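Per-entry structural report
Letter by letter, the chains look like this.
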There are 2 protein chains.
Amino acid sequence: MSLIPQDIDTPATLIDREVLERNIARMATTLGGKGLALRPHVKTHKIPQIAALQLEAGAIGLTVATIGEAEVFAEHGAADIFVAYPLWLSPGKAERLRTLSRSARISFGTDSAEAVREAGRLLGDDAGRLSVLVEIDSGHHRSGVTPEEAVLVADAARDAGFPVAGVFTFPGHSYAPGMPGAVVDQEGVALQRAATLLREAGHDVAVLSGGSTPTALLTGGSVATELRPGVYVFGDAQQLELGRCTLEDVALSVASTVVSRHEGSGEVPRRIVLDAGSKMLGGDRPAWATGFARVLEEDGARVTALSEHHATVIWPEDSPLPALGERLRLIPNHVCVAVNLVDEVTVVSDGAVVDTWAVAARGRNS
Amino acid sequence: MSLIPQDIDTPATLIDREVLERNIARMATTLGGKGLALRPHVKTHKIPQIAALQLEAGAIGLTVATIGEAEVFAEHGAADIFVAYPLWLSPGKAERLRTLSRSARISFGTDSAEAVREAGRLLGDDAGRLSVLVEIDSGHHRSGVTPEEAVLVADAARDAGFPVAGVFTFPGHSYAPGMPGAVVDQEGVALQRAATLLREAGHDVAVLSGGSTPTALLTGGSVATELRPGVYVFGDAQQLELGRCTLEDVALSVASTVVSRHEGSGEVPRRIVLDAGSKMLGGDRPAWATGFARVLEEDGARVTALSEHHATVIWPEDSPLPALGERLRLIPNHVCVAVNLVDEVTVVSDGAVVDTWAVAARGRNS
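Residues numbered from 1 in each chain as written. Chains lettered and ligands numbered in written order. Predicted model: local features only at pLDDT ≥ 70, side-chain atom pairs only at ≥ 80, totals over all residues. Heavy atoms only, no water.

The name given to chain A in an unreviewed UniProt entry is D-TA family PLP-dependent enzyme, with Arthrobacter horti as the source organism. One UniProt comment on chain A, placed under Sequence similarities (unreviewed entry), says "Belongs to the DSD1 family." (UniProt positions renumbered as here; feature names shortened; annotations may be inferred.)

Put into structure tokens, the structure is as follows:
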């Protein structure tokens, strides 16, 4: 990655343009080579300029998590958007979906007969303008139903007036060491069985949608028809520690400054404090992670504590402690929540600022 | 707390007006009774209307974490602001502090001779318009120096042209079960010793500033002269589980809807999924917490997993699982990071929306 441009104050969220473009091209090429459609999840970046790069590289459409995100990307020209979430519609949300369906091809997720019946009641004849994918639980045990239950949900969707486009799953349990390989198999089995049962029940299942960044590059072309990875555009410390990306693949970092420095002694640890905390990086810290973030410049450094505006960093004993005022880059554990904390990101190329992008869908949680 | 008003869509951040006002009055009365000044940390709420209520109730000024927060509250009329952070100034930040010092009384934190020298170099003669408090490490081992080292820092500040107003500490290690009592003692000892040493070195130490919400109501009046609690205005799940507030003191919650519901069987857990995740609640989860948030309506429910837009909730076996579409309120673990995720909060009173407040200082991390 490029160095931190001198003309920006810290903390600031930086995106390396070349690394971003390389990540986007690699995923598109890899999935294309396997005959898999790519429908990237844009909740990771929430930035229309990045979605445009993904679509130019061959993505067939976008995935979002909320109606609010769909609205932002539709305003910026996205023509095909899947809301990969089991929506429970209120009258207000139904009206927003109806409006969206006039400017883009919209599909959404469901995992219950109750939810599609309520949606059908609120949307009336306009239900036919949207389509539904049934969410399958492939082992993550969050939302989603079994392949057997999926038939009842799909029947209810059809009865409520919604075309059933297919099935989808989120293999979130792949976010753990050693898991991606096993999870790819579970995902494939669950999607295949659901599709088979739905077809036997008379549903035209065109889409089998799976995939997360940890599993996307492992997935073969035989079961899923499309994948929805998100994090691959930036990488993050979780992907790094799971071995799903390298330091050279990390496109987003948070520029920070050493504001406190302590050589330590006895029980008091040798450490520096950087001016980026959980309000820049997010507070995610899975049990298997080695810390709350990683330092791009020093592989052996560990962020042992994160306050709202302080990252406490234990520095390797054999390496000199950085000076006060020195600037370092932090890699967030989970980049999706880090981007959602800032109004804009600074795009750098060869150590110079080349652009500023608004995080246009930041905070669109509803 | 009031019920969720029917006319708002979820997820939405709600503030109960009566509970908020009661919390503000109680802290002001308690500290006033002990002869302690209250300088609340407004990073918790970032909302000028709440700062105004705190000042009306007798707060002597405000505490902020960043220059950006100071700018927002100064624009809204705050006259006395302490940036409780060891600032490392860039030319741009120095200019912003200079501008701020023309409209409000501004003090800031430091824990190194290097930082105050750099600040003095950039501010020149305007250094005298600001004042400095030296940060003491009272056992949290984040930023801050020992009382002995504080003398060198205070000398450097004086030499750089800054009036030294006093000393401060943040007893962050009080955020753990059983800790508040012990930490209050450590805080008192550290502040007292630093003040004594600084006075012996010829510094006029008027302010001994301490306190966090877990310790504020325990602190006696004998050592600190002012306290800087933040979270007390809202309460949160951490304070609840530390026993520092009750459910009746919780003024902020996130309204959410049941979007997925599973009776479970075998290895698949009985659970509901609510439509508020880490992008509404924040991802903070200390090891001692029982989950990622609490459910206001059901004390026995546990949020066992939090995705960006999903809270997975295990419901007590002896209690019927809520229906799809039912609305529940989640209490964030750490309210400061939850408020920072939304652009506005909905103020409710007796179950009705009475106001909407902008989170004016949201995202002001620099």
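So that's the structure; there's more coming.
Section: the pattern of salt bridges
Applying the stated criterion across every chain, the model contains 48 salt bridges over all chains. The shortest N-O distance in the salt bridge between A:Asp343 and A:Arg362 comes to 3.0 Å. Taken together, the residues span a long stretch of sequence, with A:Asp343 in the loop between helix 11 (335-339) and strand 16 (344-349) and A:Arg362 in the segment after strand 17 (352-358) at a distance of 19 residues. Using a relative accessible area of 42% as the deciding quantity, one classes A:Asp343 as partly exposed. Looking at A:Arg362, the relative accessible area reads 9%, which means it is buried. We note a salt bridge from B:Lys279 to B:Glu308, for which the minimum N-O separation is 2.8 Å. Pair noted here: B:Lys279 is in helix 10 (residues 278-281) and B:Glu308 is in the loop between strand 13 (302-306) and strand 14 (311-314), with a separation of 29 residues, a long-range link. Residue B:Glu308 is classed as buried on the basis of its relative accessible area, which comes to 5%. Connected through shared salt-bridge partners, A:Arg39, A:Asp80, A:Arg105 and A:Glu226 make up one network. (Salt bridge = Lys/Arg side-chain N within 4 Å of Asp/Glu carboxyl O. Helix = DSSP H or I, 4+ residues; strand = E, 2+ residues; numbered from the N terminus. Buried < 20%, exposed > 50% of the residue type's maximum accessible area, 1.4 Å probe, protein only.)

So, the pairing of strand 7 (residues 164-168) of chain A
Residues and elements named next belong to chain A. Within strand 7, five of the five residues are buried, leaving the element largely enclosed by the surrounding structure. Once the chain exits strand 6 (residues 131-135) it traverses helix 6 (residues 147-159) before rejoining the sheet at strand 7, and the crossover so formed is right-handed. Of the strand pairs in this sheet, strand 7 and strand 8 (residues 207-210) are connected by three bridges, and their pairing is parallel. From the neighbouring strand, Phe 168 faces strand 8, where its bridge partner is Ser 209. (Right-handed = clockwise from strand over helix to strand, strands pointing away. Pairing = 2+ DSSP bridges.)

Some remarks on the sheet that holds strand 3 (residues 62-64) of chain B
Residue and element names in this part refer to chain B. The sheet built from eight strands is open, its strands ordered 2-9-8-7-6-5-4-3 with parallel pairing. Both edges of this open sheet fall to strand 2 (37-38) and strand 3, since each of them pairs with a single strand only. Pairing between strand 4 (residues 80-86) and strand 5 (residues 105-110): five bridges, direction parallel. Within strand 5, the position partnered with Val 83 by the bridge is Phe 108. Helix-sheet contacts for helix 6 (residues 147-159) involve strand 5, strand 6 (131-136) and strand 7 (164-169), and the interaxial angle to strand 6 is about 165°. (Contact = heavy atoms within 4.5 Å. Axes fitted to C-alpha atoms, helices over the stretch in contact; angles between N-to-C directions.)

Re the interface of chain A and chain B
Each partner contributes to the interface: chain A provides 57 residues, whereas chain B provides 57 residues. Carbon and sulfur atoms make up 50% of the surface buried where chain A meets chain B, a total of about 4,500 Å² over both sides. It is A:Tyr85, A:Arg142 and A:Asn365 in chain A that bury the most area against chain B; as a group they hold 15% of the surface buried on that side. Applying the counting rule to chain A against chain B returns eight salt bridges. Note that A:Lys93 is salt-bridged to B:Asp275, the shortest N-O span being 3.9 Å. In this assembly, chain A and chain B are joined by 30 residue pairs in polar contact (both at pLDDT 80 or more). When residues of the side of chain A that touches chain B are traced back to their parent elements, those giving at least two are strand 4 (80-86), helix 4 (91-100), strand 10 (252-262), strand 11 (271-274), helix 10 (278-281) and helix 11 of chain A. Among the elements that take part in the side of chain A that touches chain B, strand 10 of chain A stands out by supplying five residues, more than any other. (Buried area = accessible area lost by both parts, 1.4 Å probe. Polar contact = N/O pair within 3.5 Å; in protein donor to acceptor, adjacent residues only side chain to side chain.)

Observations concerning the nonpolar core
For soluble globular proteins, the rule of thumb is that nonpolar side chains tend to be buried together. Counting 209 residues, the largest nonpolar core has A:Leu20, A:Phe162, A:Phe234, B:Leu20, B:Phe162 and B:Phe234 as its most contacted members. Apart from the residues within four sequence positions on either side, A:Leu20 is in contact with A:Ile15, A:Ile50, A:Leu53, A:Val233, A:Phe234, A:Ala251 and A:Trp357. (Core = buried A, V, L, I, M, F, W, Y, C linked by side-chain atoms within 4.5 Å.)

A short note on the pairing of strand 16 (residues 344-349) of chain B
Residue and element names in this part refer to chain B. Burial of strand 16 is extensive: five of the six residues sit out of reach of the surface. Across three bridges, strand 1 (residues 12-16) lies against strand 16 in parallel orientation. Among the inter-strand pairings, Leu 14 is bridged to a residue of strand 16, identified as Thr 346. Both strand 16 and strand 17 (residues 352-358) contribute to a ladder of six bridges, which runs antiparallel.

Examining the state of the cysteines
Scanning the entire structure with this criterion turns up zero disulfides over all chains. Between B:Cys245, a free cysteine, and B:Cys336, which holds the nearest cysteine sulfur, the sulfur-to-sulfur gap is 13 Å. (Disulfide = S-S within 2.5 Å.)

Some thoughts on the sheet that holds strand 9 (residues 226-227) of chain A
Backbone-to-backbone hydrogen bonds pair the strands of a sheet. The strands run either parallel or antiparallel. Spatial ordering of the open sheet is given by 2-9-8-7-6-5-4-3 (chain A), a layout of eight strands whose pairing is parallel. At either end of the open sheet lies a strand with only one pairing partner, and these are strand 2 (37-38) and strand 3 (62-64) of chain A.

What to know about the domain arrangement of chain A
Residues and elements named next belong to chain A. By the assigned domains, chain A splits into domain 1 (34-233) and domain 2 (238-358). Here the C-alpha centroids of domain 1 and domain 2 sit 33 Å apart. Between domain 1 and domain 2, the residue contacts involve 20 residues of the former and 13 residues of the latter. Together domain 1 and domain 2 conceal approximately 1,400 Å² of surface at their shared face, both sides included; 68% is due to carbon and sulfur atoms. Taken together, domain 1 and domain 2 are joined by zero salt bridges. Where domain 1 touches domain 2, the interface holds zero residue pairs in polar contact (both at pLDDT 80 or more). Mapped by element, the contributors of at least two residues to the side of domain 1 that touches domain 2 are helix 2 (48-56) and helix 8 (213-216). Ranked by residues supplied to the side of domain 1 that touches domain 2, first place goes to helix 2 with four residues. Here the side of domain 1 that touches domain 2 is built from residues that sort into 13 nonpolar, five polar and two charged. (Domains from an automatic or database assignment. Nonpolar A, V, L, I, M, F, W, Y, C, P; charged D, E, K, R; others polar.)

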